Amino acid sequence: MKLEEKVKKSIEKYKMLNKDEKILVSVSGGKDSHTAAWILKKLDYNIELFHINLGISKFSEISLKKVKELAEILNVPLNIVNLKDITGKTIEDLRKKHCSICGITKRYLMNRFGYENGFDVIVTGHNLDDEVSFLLNNLLNWSIRYLPKHLPVLPSHDKFLKKVKIFYEIEEEEILEYAEKEGIPFTTAKCKFQKDAITVEHRKYLNKLKEYNKNIKKQFLYGYLKYRHIFELEEDFQFKECKICGMTSAGNICSFCRVWKIKEFKW
Ligand code: AMP
Ligand code: FES
Ligand code: ZN
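No experiment lies behind these values; they were computed from the predicted model shown.

Draft legend 1. Main features of the pattern of salt bridges. Per the counting criterion, the structure on display carries 23 salt bridges. Across the pair Lys-162 and Glu-21 runs a salt bridge whose closest N-O atoms are separated by 2.9 Å. Highlighted residues: Lys-162 in strand S6 (residues 162–167) and Glu-21 in the loop between helix H1 (3–13) and strand S1 (23–26), separated in sequence by 141 residues. One exposure class covers both Lys-162 and Glu-21, and it is buried. Here Glu-182 and Lys-42 are joined by a salt bridge, their closest N and O atoms 3.0 Å apart. One end of the pair, Glu-182, is in helix H7 (residues 172–182); the other, Lys-42, is in helix H2 (residues 31–42), and 140 residues separate them in sequence.

If you want it as structure tokens, here you go:
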């Protein structure tokens, strides 16, 4: 089956998207998010692109170039924001925890931008390999709070927009093959901080296991979906409003505000 057909099936199966929704596709410059935008456009969804310039030398420059190329070919609006304009700093200026702070920052900015600009949903390029490596990581750490959350669709909640992973059931290698065949612009440049992330090792390990059992990743993912309820916490978790920025937050102050300590937020 062609990748577009598979994505169409996932969209129907998990009720991911509607044609009347305003969709913000968060694009990084890499193959996954670019292919997500490409396929959604082909399937005639109402999309705009969103990109954060993280200010990581060489990597961010080439990423931005590829994002612009994509927007031009697809002929869709491209929204670019600059981390340095917002926080006064780039990811490179941080002294430690680059990846985790970057993750918090990207999630916050895509959500806030989408929320403030009337989007209904955010689509990211996360694929099956991302999901199983995060899942394995959260199991190894027994991160109980995150274990129920590895879903293809996270529904909206207060100021959290709906988040959708259209490649939840699709392996990375299939996306790469499609992107190359279609001539989608993307960069293979890797962020220099990525080597610190343990999930990169989980990925390698899971790919090694695939040599013994080619279905191992799907087996892990679908088994998880079947038994996920085991991890649902009984307590009725109440989200709050961040005391600084007013966005929906797990604690009194959201992780973005805790990390960046911005006095006055402006895009
Ligand atoms: P990553 O956190 O790099 O694994 O990327 C996960 C997803 O986040 C990608 O598939 C994109 O949808 C989105 N993303 C990553 N980097 C950026 C960026 N600089 N700007 C906008 N979206 C991004
Ligand atoms: Fe965020 Fe590498 S892309 S630290
Ligand atoms: Zn906040």
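Draft legend 2. Structural detail: the coordination of the zinc ion (ligand 3). Bound to the zinc ion (ligand 3) on the protein side are Cys-242 (SG), Cys-245 (SG), Cys-254 (SG) and Cys-257 (SG), at distances that span 2.3 to 2.4 Å. Around the zinc ion (ligand 3), the 4 donor atoms sit at angles spanning 103 to 116°, and that spread fits a shape best called tetrahedral. Coordination of the zinc ion (ligand 3) draws on donor residues from a single chain, spaced C-x2-C-x8-C-x2-C in sequence. Of the two residues, Cys-242 is situated in the loop between strand S7 (240–241) and strand S8 (248–249) and Cys-254 in the loop between S8 and helix H10 (255–260); the sequence distance between them amounts to 12 residues. Judged by its relative accessible area of 4%, Cys-242 falls in the buried class.

Draft legend 3. The arrangement of the site of ligand 1 in detail. Within the structure, ligand 1 sits among Ser-26, Val-27, Ser-28, Ser-33, Phe-50, His-51, Ile-52, Leu-54, Lys-106, Thr-124, Gly-125 and His-126. Between an oxygen atom of ligand 1 and a side-chain N or O atom of Lys-106, the distance comes to 3.3 Å. Summarising the interface, the protein chains cover 77% of the accessible area of ligand 1, which totals 480 Å² for the free molecule. Mapped onto the shell around ligand 1, the elements with two or more residues apiece are strand S2 (47–53) and strand S4 (121–127).

Draft legend 4. Just the nonpolar core, in detail. Counting 45 residues, the largest nonpolar core has Leu-17, Leu-40 and Ile-166 as the members making the most contacts within it. The dominant element in this core, judged by the number of residues it contributes, is H2, at 5 residues. The residues touching Ile-166, leaving out its near neighbours within four places in the chain, are Val-7, Ser-10, Ile-11, Met-16, Leu-17, Ala-36, Leu-40, Val-123 and Thr-124. Phe-50, Leu-94, Met-110 and Leu-161 belong to the second largest nonpolar core, which has 31 residues in total.

Draft legend 5. Structural view of the sheet that holds strand S5 (residues 153–154). Read across the open sheet, the 6 strands follow the order S3-S2-S1-S4-S6-S5; overall the sheet is mixed. Looking at strand neighbours, the two that pair on one side only are strand S3 (78–82) and S5, the edges of this open sheet. Looking at chain direction, S1 and S2 are connected through 4 bridges and run parallel. The residue bridging Ser-26 from the neighbouring strand is Phe-50, located in S2.

Draft legend 6. View of the packing of aromatic side chains. The tally for this structure, following the rule as stated, stands at 8 aromatic pairs. Ring geometry for Tyr-108 versus Phe-256: centroids 4.0 Å apart, planes at 5°, classification stacked. On the criterion of sequence distance, the pair formed by Tyr-108 in helix H5 (residues 98–116) and Phe-256 in helix H10 is long-range, its members being 148 residues apart. The pair Tyr-108 / Phe-256 is uniform in exposure class, with both members buried. Plain terms: the ring middles of Phe-265 and Trp-267 are 5.0 Å apart, the flat faces sit at 85° to each other, and that makes the pair edge-to-face. For Trp-267, a relative accessible area of 35% translates into the label partly exposed. Aromatic rings pair up to connect Phe-50, Tyr-108, Phe-113, Phe-256, Phe-265 and Trp-267 into one cluster.

Draft legend 7. Spotlight on the packing of H2 against helix H3 (residues 59–74). Direction vectors running N to C along H2 and H3 enclose 5°, while the axes themselves pass 11 Å from each other. As the angle between them shows, H2 and H3 are arranged roughly parallel. Here His-34, Ala-37, Trp-38 and Lys-41 of H2 come into contact with H3, specifically with Lys-66, Val-67, Leu-70, Ile-73 and Leu-74. Residue composition of the contact of H2 with H3, grouped by class: 6 nonpolar, 1 polar and 2 charged.

Analysis parameters
Residue positions within a chain follow its written sequence, with the count starting from 1. Chains carry letters from A onward and ligands carry numbers from 1 onward, assigned in written order. Totals for whole chains, interfaces and linings use every residue, but because this is a predicted model, local features are given only for residues with pLDDT of at least 70 and side-chain atom pairs only at 80 or more, for both listing and counting. Here the side-chain values reflect all heavy atoms present in the structure, with hydrogen atoms and water set aside. Here, a salt bridge means any Lys or Arg side-chain nitrogen found within 4 Å of an Asp or Glu carboxyl oxygen. Only DSSP runs of H or I with at least four residues qualify as helices, and only runs of E with at least two residues qualify as strands; both kinds are numbered from the N terminus onward. Each residue's exposure class comes from its accessible area (1.4 Å probe, protein chains only) as a fraction of the maximum for that residue type: buried when under 20%, exposed when over 50%, partly exposed otherwise. Each metal's donors comprise the N, O and S atoms found within 2.8 Å of it (within 3.2 Å for Na, K or Ca). Water is not part of the atom list, so some coordination spheres may appear incomplete. Tetrahedral means four donors with every angle between 85 and 135 degrees, whereas square planar (four donors) and octahedral (six donors) require angles over 155 degrees between opposite donors and between 65 and 115 for all others; sites fitting neither are termed irregular. Residues are counted as near a molecule or strand when any one of their heavy atoms sits within 4 Å of it. By the criterion applied in these results, polar contacts are pairs of N or O atoms within 3.5 Å in which, for protein atoms, one can donate a hydrogen and the other can accept it, and in which residues neighboring in sequence qualify only through two side-chain atoms. Only the protein chains shown count as covering a residue, and every accessible area follows the Shrake-Rupley method with a 1.4 Å probe. Nine residue types can take part in a nonpolar core, namely buried Ala, Val, Leu, Ile, Met, Phe, Trp, Tyr and Cys, and a core is a set of them joined through side-chain atoms within 4.5 Å. Only heavy atoms enter the contact rule, under which two residues are in contact if any of them lie within 4.5 Å. We call two strands paired when DSSP finds no fewer than two bridges between them. Classification of ring pairs rests on two measures: the distance between centres of Phe, Tyr or Trp rings, Trp counted by its six-membered ring, which must be within 6.5 Å, and the angle between planes, read as stacked under 30 degrees, edge-to-face over 60 and tilted in between. Helix axes are fitted to C-alpha atoms over the stretch in contact, other axes to C-alpha atoms as well, and angles between N-to-C directions run from 0 to 180 degrees. The labels follow the angle: roughly parallel below 35 degrees, roughly antiparallel above 145, roughly perpendicular from 65 to 115, and oblique for the rest. Only Asp, Glu, Lys and Arg are considered charged in this grouping, and only Ala, Val, Leu, Ile, Met, Phe, Trp, Tyr, Cys and Pro are considered nonpolar; every other residue, Gly among them, is considered polar.

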